[in-house]
Structure formats: structure tokens, C-alpha cells
Amino acid sequence: MTRPSFPGHSVPETTDMTVPLLDVRGLSIALPPGADRPLAVDNLTFTLNANEILCVVGESGSGKSMTAHAMMGLLPHPHVRVAGGSLLFKGKDVLAMPEAEQRNLRGGRIAMVFQEPMTALNPLMRVGRQIGESLRAHTPLPAPARRQRVVELLDQVGLPNPAELADAYPFRLSGGQRQRVMIAMALACQPDILIADEPTTALDVTTQKQILDLIRSIQAERHMGMMFITHDFGVVAEIAHRVAVMRHGRLVEYGAASDVLNRPQHPYTRQLIASVPHYIEHREDHAKVGKPLLVAEKVRKTFHVGGGLFRKSKPVVAGDDLSLTIHPGETVGLVGESGSGKSTLGRSIVGLIKPDSGRILFEGTDLLSLDAKGFRPYRRAVQMVFQDPYASLNPRHRIGDIIAQGPVAFGEDRGKALARARELLAMVGLDGSAADRFPHEFSGGQRQRVGIARALAMEPKLLVADEPVSALDVSVQGQVLELLDDIRKRLGLAMLFITHDLRVAAQVCDTIAVMRRGKIVEMGSSRQVFTHPRDAYTRSLLDAIPGKAWHIPDDLQKAPIVGAAS
Amino acid sequence: MLGFAHLFASRLVKALAILIAIVVMNFFLVHAAPGDPAMVMAGEAGAADEKFVEQLRQQFGLDRPLHEQLATYVGKIAQGDLGFSYRQQRPVWDILAERLPATLILTLTAFLLALAAGVALGTLAAITVGTWADSAITVVALLAYATPIYWIGLMMSLLFSIQLGWLPAFGYETIGAGYTGLAHAADVAAHLILPVITLALFYMAGYARLTRASMLEVRGQDFVKTAKAKGLSQSHIVTRHVLRNAILPVITVAGIQAGQLVGGSILIETVFAWPGIGRLAFEAVLQRDYQVLLGIFLVTSVMVILFNILTDILYGLVDPRIQAAR
């Protein structure tokens, strides 16, 4: 089971060149009765060869993660089970093996990297020890040799001070660093197959690029077979050799990467590729007319972390010298990585946070100088759409009430407000009857539509949308973006669009402000920022966009969205 | 380690401030109750004579203004003098010192037993979730939690002492037996069994339920999936990954309860005639023995504070994130 020569990686064990590394034949996975469909994965057949990256693409619920979990014996027992088919590893059916033998494969021959680096590591165990556990389970190495190997592994995945880092607890590491630790852990026993389940989805773009580069180089160096699960065609274009597209548990398209990316056959694949957000060359610059609606001047906000009776708190500057102008009808994109302070600025404008200094002028009135009572009328004028459609709607209130509550609080007649709620639901593309239902009856995309209707009920002049689509699937993301753009044009709304995704910003914004570490490093028209970025950081962000070398097939390019609401 | 010493020092400083506040509040609380010891003593002596009561008050300093009494009290406490019980004609400290060991033996044994058994049963229930073993543990825990503690005590004593005659029904030791050394220890241990089990059952039920729920929650977390994907054995995953994380809320609750153990055994001590602090408190209330009552308040407060500090330190040891957050 364990290899005699250790460490140092050798040529992959290929018993027979004609037997693929992994051969999935007619795999079906059954869901418990009462689920929305009987089979999570339906008659799935594909192969994975050594020295190959197979990208499995699909939206949430497509069964792509279930397939990986079945391979690793991670299906939630006993509710979800394999109903048929086989999973042949080097010609031997994994599913027919006794548990002990399967356990030897897991982490030994087949390793897995998960999506959420923040939660995938045990918070109470030093990272070196967590990697060492894998070596302990699969190799006869004594403790000192394990320790040495752990340090080597941490070094190989590009972590600084590996010897020191091995003794750190996970909470000391950033998301990117934790994902590197996860990769080191997966590589510990030199597996033949590496399964990566959306390993970069939770990371910032620049970190995503680094991790993708790392994964690709390690795969090439060790000739591993790799199953890379993703929903992002940009990532596919970046790394895939072959692509399998899944929908509702079925394989809909399967082929070489260049074929699937450039000549997609199945309508679903075509739809997915068409939803990939991309910069539209022909978008008009926004004509700034009239007086600015909102001007933020030198806004500064410092948070104090920790502290107590006898301890001094640590100041963290979330926003420093932030200045921004939004004209009526203009969509301004605020782009930056996590922790850059973009949400702090958004929340300051809505009045959820009080900045330490600076001015926020709305139609000439400084909102920061107002007391709670004076600020109240402006709460109507500036409304927010939140990121997480699952957490931002009260689960115990009916949709109609959620939408009507705002206007009622401002003295509107309840009957009228509810009638208006139905109209708004129709406007965001939901049935009026949705008003009588509860949030849990709706999908993420539908909930986000409710969130938008709720904001619109207040008849705002400015909409602050904080990552409104980042929790949604690509195709749903496209629909919500279209809805936002449509409403903005119809109502002549100005919008501050906060996002970490430059591609999304490119699609909807007239003007883009790029933030980094609490500062706006560059602000200009979308055209200028994308074609002639001035700041080095903006350039590195653009450079990090996955699959930028790939040109979306012309027939799938979206018609340009016309900018100004004239 | 330096951070640890710093943490400990800052905890002690805070504890001292809290202690002073408690001393002052206790004093006012006791004086807010109607009636004073002079009245009670005079009543018991059968002489309801105003002059006699006045004389008693003068003798005990009860006629002084309240703030003067407070200053005297706080001053004495600072010197380690808990005062003098005129009811029992002995220093309060001597009375407490006599009763404290009995209570500590009873409650600490019960506490440790409850913790060990509760965590073990909770873990067992969590790993066998949905089977008969899980159901049995859940039912037993629910019964133990819901049944009044004194009733269990009475029934146990009825069964094991009166019906079966295996164990002594009450008391701390066999009076007049004059055991020494090991024989004495064995005698006390025999007396200890019933009250300890009675007290432990109740707490054990809580810990078992908490451990079970916490284990089930942790079991669904991502890092447990990672551990499985590493090919670790089931027992390794349960002990090293699940239990280690699931124990954190148990420590929190146990820490709070440990502080209350000294004062929380009044019922048990009454049922089993255990000569501890709990019964002393009960008697002191009936006799309006202010000095003893204040002494008990102080001792139990110190216990609560002490166990809180201990819990914090333990927490810092178990969870590395806690120390960093300070």
C-alpha cells in the first residue's frame, strides 16, 4: 500500500497503459426519498488518465461534488448512497473494496482539496500536525521524518518559513495560505489522483491565480491525474485538458477542452458559456449630466479590534481618504479584494456605519452631520441590496410583508404598500402570489429578486448593491445582473455596485473605482480602467482574471448593454 | 507563556475588584432583610424587653450607623477576619473551616464524576446516533434531568440503605466508631456514595445532552470531512477532531456550574444529613446569624471567581484562538 522509497517522487505507477487511472462507469447516486429528484448523479460515465486535468463543470446541484464525494467515501451515510455503476481505480472497483482498503486509498492514492479553506482545517490543531496525520495513516515514517516531510511539503506549496508555519494554528493563516496547506496535505502521500472541489472559489482573484498556478505546476511535475470541479469557465479555460459538463446529475457534454470551450455543442454548455461575465468593448461611456447625486469626500473609518478593561485595542483602518462621486443614472463599480474596505464605504453611504471623518453629500446635504431624526428621510433615498439572499430576508416573515415593511414604517397605508409589493414582485420577474409565501420557498436567485424589490419599494434614488450576485450560480447571476440593469434604466436609478469580480463590474458599470487596503487606487470609466489601467494593482487584478486568453465564441457574446439612462 | 502570565495577572486584578463589590453588596443585602440578630436572640431568651434588646445591639455594635458597620466589616475582611458568631460563640472562620471540607469532597467528587460520565455517554450517543443505544442514553439523561434531585436522593436512600442495607443512609461518618487512617477514609467513602451519585446524576444528564448535541454539530463541519478524506480511522477522527472541538461548550457550562457547586448542594446535604456549607447556610438564615451568613457568601463568591479563572485558563489551553483574541 505504501511506497518503499520515501521521500522524493518517482514516475507514476502505471501498471498498464491501456487501463485508465480512473474509470467511472454508469455511476448513479440515489438521494433520500422526498428530495427534489431521485438520483443526484444519473448514469455517469467518464475516465481520468494520468497526467491530465479533467474539469467537471456544473452549477450547484449538478451532482459534480457528489461524484467526488462518492470516490472518497464521503457521501452522507446512510441517506445518500451509490445506487449503481462502478468506480474503477487502476481497474479495481473502489466501491466493492472493504472499508479498510478504501481508507488506504483515501488520502493515500486519491487525495482531495475542498472549497472552503477557512473551515476545512481543524481550528484546534497545528497545521503541521494535520498534515502529519495523513503521513501517519499511510506511511511507516517515524515522527522526526514525518516532521521533516511536512516542512518540505509546506515549502513545496510556496509557503514562507515552512518550519515555523508548521507550528501555527489555522486561524493565523490567510485563506490563500490555508488552501496551500490543504494542497500540501493532499500531496503528502504522493497520490495518483488529486480531486479539487472548487478550490479557488472562496479566494480573491489574485490569490486564485496563484493557487491555480500552483495546482497546475504540481500536477505537471508529478504527472497526477486531476479532477478539478468548478463552475467557472474562466478557470476551465485556464487549466483544463478535458472538460465534462454536468447538469441535474447527467453528463451533457464531454470532450477536449478546446472543443468544449470554442465549439460547445449542447445548449446548456452554450448557455453557461454565454453567462460568463465579460467586458463589453462597445459600451458607451456614461454621460455625466447635472449635479452629482452623491459625493463622498475624504471618508475615513477605523475599526478597533479587541481591547478591554486593561488592554488597548488595535486600530484597523478600513477606509482612508475615500472620495467618490455618483451622478444621477450612473452605475459606479467599487471593485476590490476582501478586506479592501469596499463594503465599509458602501455601508457608510447607507448609514449603517458612521465614519470617523469626511463628508458624504447627498444632493448637497452632508449625511454625516445629521442626527438620527434628520437622517431618516435619506434612508428612503438610499437603499441597499445585500450579498447573501439567504441571510438577508427574515425567514419568519412573508415576502409581501418584507417588501411592505419599509414604506409602512414611513407612514404608507398597509393595504396600499402590499398592493405595491405585488407590483414590484412582477417588476422583478416573480409572480404576485409570491407575496403570501415565505423566503425558504424560493431559490437563491429568486430571493435576490425579492431583495431588489424590497429596496425598490422605498423608491430610492441611489441603490447600493453589495456583492448582489456573488452567492449565485453563473446563469442565475447573469439573470440578476440583467434585471438590475433593466430596472436601473427604467427608473433612472443611480447605483453603487460593490464587487470583488472585475468581470461582473465590467459588464454592468459605467465607472469603476478600484480599492486596495482602504484606499481607492484608481477611478475612471470602465473603458479606461479595462483598456488602459493606470495603477499597477489594477493591472495585476486584470491579469489575474482566469481564462483571459480565452475568447468567448462570437455567437455567444452578449449584445452590449447600452449605458446611460437617457 | 508571557501572554499567559499577563492574562492570569489581569484576571486576578479583575477578580479582586469583583470580590470587593461582592463583599459590599452582601453586607447591604443581609441588612435589607427585616429583623436583626438581637431581636431573635431576645425572643429566644424569652425576654422581649426593649432595654435588653438595646443592650444586645450595643454589645454587638448593631446600633452604630450602617456605613460604620460596613467599614468595620470590610476592614476585618481585609485582615482575613470573618468575624465572630455570637450565636455559636465561635469565630466564623473556624465554623467554615470545619464544614468546608465535607462540602468540597461531596461536590467535587460529584462534579468530576458527572463530567466524565456525561461526556462519555454524550460521545457514545453521538457516534451511535439513531440507534437504540442513543435513544436509551437520551431517555436516561432526560429522566435524570427532569426528576427532582431530592426525590432521587430519598428513593436511593430508601432502596440501598433501608431495603438492601448496603450503604449508610446519612451522615459523614459512623459516629462513635472512632476509625482512623484507611478505615476512616473507607467509612467516609461509603457515606459519600449515595449523595455523590444523586448529585452527579443531575449534572451528568446536562453534560451528556450538551456533549451529544455539540458532537453532532461538529461532526457535520468541513474539517471532519477533511479528516475522513485523509483516510484516518473512525476512532481517530472522533477523539482527535470531533470531540476536541465539541468539548468547548461543555467546558463553558461546566465552568459556570463548578462555581455554584459549593452553594448548590443545600438540598443534598439536607436529605443526607451531610455536615457541609449548604446546611450551615440554611441554619444561619433561620437563626439570622449574620456573620456566618456573610462568611458563607464570601466563600462561595470566591469559589465562583476561582472556578471562572480556572475555566478561562483551561479554555486558553484547549482553544488557541482564545489567547490570541485577548
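Calculation notes
Throughout this document, residue positions are counted from 1 along each chain, in the order its sequence is written. Chain A is the first chain written and ligand 1 is the first ligand written, with later ones labelled in order. Residues qualify for local features only when their pLDDT is at least 70, as the model is predicted, and side-chain atom pairs are given and counted only at 80 or more; totals for whole chains, interfaces and linings, by contrast, use all residues. Secondary structure follows DSSP: runs of H or I at least 4 residues long count as helices, runs of E at least 2 residues long count as strands, and numbering of each begins at the N terminus. Think of it as a crowd count around each C-beta: if 20 or more other C-beta atoms lie within 10 Å the residue is buried, if 12 or fewer it is exposed, and in between it is partly exposed, with C-beta placed from the backbone throughout. It is the C-beta atoms, placed from the backbone, that decide contacts: two residues are in contact if theirs lie within 7 Å. Each residue carries a pLDDT score, the predictor's own confidence in it, on a scale running from 0 to 100. In this analysis, strands are considered paired if DSSP registers two or more bridges between them. Geometry is summarised by axes, namely lines fitted to C-alpha atoms with helices restricted to the contacting stretch, and by angles between N-to-C directions that run from 0 to 180 degrees. By convention in this section, buried Ala, Val, Leu, Ile, Met, Phe, Trp, Tyr and Cys residues joined through C-beta atoms within 7 Å make up a nonpolar core. Classification used: nonpolar for Ala, Val, Leu, Ile, Met, Phe, Trp, Tyr, Cys and Pro, charged for Asp, Glu, Lys and Arg, polar for all others including Gly. Our angle categories are set so that under 35 degrees counts as roughly parallel, over 145 as roughly antiparallel, 65 to 115 as roughly perpendicular, and the remainder as oblique. When the near helix sits turned anticlockwise from the far one by under a right angle, the crossing is termed left-handed; a clockwise turn instead gives a right-handed crossing. In this entry, domain limits derive from an automatic or database-based domain assignment. Directions are taken from the helix axis to each C-beta atom, and the arc is the one they span.

### A look at the overall build of chain B
Looking only at helices and strands, one finds 14 helices and 2 strands in chain B. On the principal axes, the C-alpha backbone points of chain B span a range of 85 × 55 × 40 Å. Burial statistics for chain B: of 326 residues in total, 32% are counted as buried. Taking contacts inside chain B between residues at least 6 apart in sequence as the whole, the part at least 24 apart equals 71%.

### Digging into the overall build of chain A
The secondary structure content of chain A amounts to 19 helices and 20 strands. Here the C-alpha coordinates of chain A stretch approximately 75 × 55 × 45 Å along the principal axes. A burial count over chain A gives 47% of its 566 residues as buried. Contacts in chain A between residues at least 24 apart in sequence constitute 71% of all its contacts with a sequence separation of at least 6.

### Comments concerning the confidence of the model for chain A
Residues and elements named next belong to chain A. In this model, chain A carries an average pLDDT of 85, and 93% of its residues clear a pLDDT of 70 or more. Here residues 1–15 is modelled with pLDDT under 50, and outside its nearest four sequence neighbours on either side it reaches 18 contacts, counting other chains as well. Contacts from residues 560–566, a stretch scored under 50 in pLDDT, to residues over four places away or in other chains number 19 contacts.

### Some points on the sheet that holds strand E18 (residues 494–499) of chain A
Residue and element names in this part refer to chain A. Judged by pairing direction, the sheet is mixed, and its 6 strands sit side by side in the order E16-E17-E18-E13-E19-E20 without closing on themselves. Taken across any chain shown, the strands that pair with only one partner, and hence form the sheet edges, are strand E16 (382–385) and strand E20 (519–525). If you compare each strand with its neighbour and ignore which way they point, the axes differ by 20 degrees on average. Sheet analysis places E16 next to strand E17 (residues 462–466), joined by 4 bridges and oriented parallel. Looking across to E17, one finds that Val382 is bridged to Leu462.

### So, the nonpolar core
Among the nonpolar cores identified, the biggest contains 151 residues, and Ala184, Ile195 and Met227 of chain A together with Tyr207 of chain B are the most heavily contacted of them. Looking at this core, the element that brings in the most residues is helix H8 (residues 181–219) of chain B, giving 14 residues. For Ala184 of chain A, the residues in contact, after removing those within four places along its chain, are Ile131, Leu153, Leu154, Gln156 and Val157 of chain A. Among the nonpolar cores identified, the runner-up in size contains 70 residues, and Val299, Ala417, Val476 and Leu481 of chain A belong to it.

### Looking at the interface of chain B and chain A
Of the residues lining the interface, 21 residues belong to chain B; the matching set on chain A comes to 26 residues. The dominant element in the side of chain B that touches chain A, judged by the number of residues it contributes, is helix H9 (residues 222–229) of chain B, at 6 residues. Per-class residue counts for the side of chain B that touches chain A are 6 nonpolar, 6 polar and 9 charged.

### Here we look at the packing of helix H10 (residues 234–260) of chain B against helix H13 (residues 290–318) of chain B
Residues and elements named next belong to chain B. Where H10 contacts H13, the two axes come as close as 7 Å, and the packing angle between them is 165 degrees. What the angle tells us is that H10 and H13 run roughly antiparallel. Of the two possible hands of crossing, H10 and H13 adopt the one that is right-handed. Facing Leu248, Ile251, Gly255, Ala258, Gly259 and Gln260 of H10, the residues of H13 in contact are Met303, Val304, Phe307, Asn308, Thr311, Leu314, Tyr315 and Val318. Partitioning the contact of H10 with H13 into residue classes produces 9 nonpolar, 5 polar and no charged.

### Focus: the domain arrangement of chain B
All names here are of chain B. Here chain B is described as being made up of domain 1 (15–81) and domain 2 (101–325). Computed from C-alpha atoms alone, the centre-to-centre distance between domain 1 and domain 2 is 36 Å. Of the residues in the side of domain 1 that touches domain 2, the class split is 9 nonpolar, 2 polar and 1 charged.

### Section: the sheet that holds strand E2 (residues 39–48) of chain A
By definition, the strands of a sheet pair up through backbone hydrogen bonds, in either a parallel or an antiparallel sense. All names here are of chain A. The strand order across the open sheet built from 4 strands is E2-E1-E4-E5, with neighbouring strands paired in antiparallel fashion. Each edge of the sheet is formed by a strand with only one pairing partner; in this case those strands are E2 and strand E5 (92–93). Two elements, strand E4 (residues 81–89) and E5, share 2 bridges in a ladder whose sense is antiparallel. Opposite Leu88, over in E5, you have Asp93 as the bridge partner.

### Some thoughts on the pairing of strand E6 (residues 110–113) of chain A
Residue and element names in this part refer to chain A. The alternating pattern of E6 places Ile110 and Met112 and Ala111 and Val113 on opposite faces, both of which are buried. As paired elements, E6 and strand E7 (residues 193–197) share 4 bridges and run parallel to each other. Bridge assignment links Met112 to a residue of E7, and that residue is Ile195.

### A closer look at unusual backbone geometry
Residue and element names in this part refer to chain A. Although it is not a glycine, Glu467 adopts a positive phi angle of roughly 45 degrees. By the secondary structure assignment, Glu467 is in the loop between E17 and helix H16 (474–491). Of note in the backbone geometry, Arg517 takes a positive phi value of approximately 45 degrees without being a glycine. With respect to the helices and strands, Arg517 occurs in the loop between strand E19 (511–516) and E20. In this structure Arg517 comes out as partly exposed when scored by C-beta crowding, with 15 C-beta atoms within 10 Å.

### Observations concerning the pairing of E4 of chain A
Note on strand geometry: in a regular strand, side chains alternate between the two faces of the sheet. Residues and elements named next belong to chain A. Inspection of the sheet shows strand E1 (residues 22–30) paired to E4 by 7 bridges, in the antiparallel sense. The partner of Ser28 across the bridge, within E4, is Gly84. Where E4 hands over to E5, the hairpin turn is made up of 2 residues, of which Lys90 adopts a positive phi near 50 degrees.

### A closer look at helix H10 (residues 267–275) of chain A
All names here are of chain A. Tyr268, Thr269, Leu272, Ile273 and Ser275 are the residues of H10 that are buried. Buried residues of H10, viewed axially, fall in a sector of 160 degrees; they line one side. As for H10, its buried residues are in contact with helix H8 (233–239), strand E9 (242–247), strand E10 (250–256), helix H9 (257–262) and H16.

### Observations concerning the environment of Leu280 of chain B
Residue and element names in this part refer to chain B. Along the polypeptide, Leu280 turns up in helix H12 (residues 277–286). Spatially, the C-alpha atom of Leu280 lies 26 Å from that of Thr180, the residues being 100 residues apart in sequence. Beyond its immediate chain neighbours, meaning those up to four positions away, Leu280 contacts Ile95, Arg99, Val292 and Ile296.

### Quick look at the packing of helix H3 (residues 127–138) of chain A against helix H4 (residues 143–156) of chain A
All names here are of chain A. Interhelical geometry of H3 versus H4 gives an angle of 120 degrees and a closest axis separation of 9 Å. You can see that H3 and H4 cross each other, and the crossing is right-handed. Residue-level inspection shows Gly128, Ile131, Gly132, Leu135 and Arg136 of H3 in contact with H4, the latter providing Arg146, Arg147, Arg149, Val150 and Leu153.

### Examining the environment of Ile193 of chain A
Residues and elements named next belong to chain A. If you trace the backbone, Ile193 turns up in strand E7. For the pair formed by Ile193 and Val464, sequence separation is 271 residues and the distance between their alpha carbons is 45 Å. In this structure, Ile193 is in contact with Leu21, Leu22, Leu48, Arg109, Ile110, Met224, Gly225 and Met227, ignoring residues within four places of it in sequence.

### Observations regarding the confidence of the model for chain B
Residue and element names in this part refer to chain B. When pLDDT is averaged along chain B, the result is 82, and 93% of the positions lie at 70 or above. Of all the helices and strands in chain B, helix H14 (residues 320–325) carries the lowest mean pLDDT, 66, while H9 carries the highest, 90. For this predicted complex, the interface score ipTM comes out at 0.78, while the overall pTM is 0.80.

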